[in-house]
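Residues per chain, in single letters:
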Amino acid sequence: MPHVISSVRPGWVVPGARVTVEGTHLPVPADGPPHVLVGALDAHVIGASHRSLRIIVPAEATGGTTAIRIDELPGESAFIEVARPLSTGLHQVDSPAFDGAGRLWVTHSGGRGAKVPVPLYRIGRDGTR
């Protein structure tokens, strides 16, 4: 019977996220979990059955379209979109929001008990705030 990857959920992730790879007759070696790569990085397999594999996207994963490959399934690949950081140096406290023009807005509180002079930032596509 053929081994087939049918889907990856979710399709958009951040580094460190959990992903489920679904398929039919996925490999589950007797000596441990299958070897899964996200891009060129080893993924941590946290669950495996012949119908699904649950993995953690490596924290070092770079942004963009990234292949998921299972060593025991040569020629089979699935793809996810991995987010990349847009800006650093912010202490994010609430959900970011996009406005009607597609601009990203974030709040900033500083550390516990800190008062910040500017609590709201717009993040440009190039990462500037």
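Residues numbered from 1 in each chain as written. Predicted model: local features only at pLDDT ≥ 70, side-chain atom pairs only at ≥ 80, totals over all residues. Heavy atoms only, no water.

Participant: Explain the overall build of the chain to me, using residue names and the numbers behind them.
Facilitator: Each helix and strand in the chain was counted, giving 0 helices and 12 strands. Summarising the internal contacts of the chain: among those between residues at least 6 apart in sequence, 42% fall at separations of at least 24. On the chain, roughly 8200 Å² of surface is accessible, and the fraction owed to carbon and sulfur atoms is 56%. (Helix = DSSP H or I, 4+ residues; strand = E, 2+ residues; numbered from the N terminus. Contact = heavy atoms within 4.5 Å. Areas by Shrake-Rupley, 256 points an atom, 1.4 Å probe, with all protein chains shown as cover.)

Participant: Please give an account of the environment of V45 that cites residues and values.
Facilitator: Structurally, the position occupied by V45 is in strand β6 (residues 44–48). Along the sequence, V45 and V19 sit 26 residues apart, while their C-alpha atoms lie 9.7 Å from each other. Apart from residues no more than four positions distant in its own chain, V45 is found in contact with P33, P34, V36, R54 and I55.

Participant: Can you lay out the sheet that holds strand β2 (residues 12–13) for me, pointing to particular residues and giving the numbers?
Facilitator: Here we have 5 strands laid out as an open sheet, ordered β2-β9-β8-β4-β5, and mixed in their pairing. At either margin of the open sheet sits one strand with a lone partner, and together these are β2 and β5 (41–42). Examined bridge by bridge, strand β8 (residues 64–70) and strand β9 (residues 77–82) share 6 bridges and lie antiparallel to one another. Note that in β9 the partner of T66 across the bridge is I80. (Pairing = 2+ DSSP bridges.)

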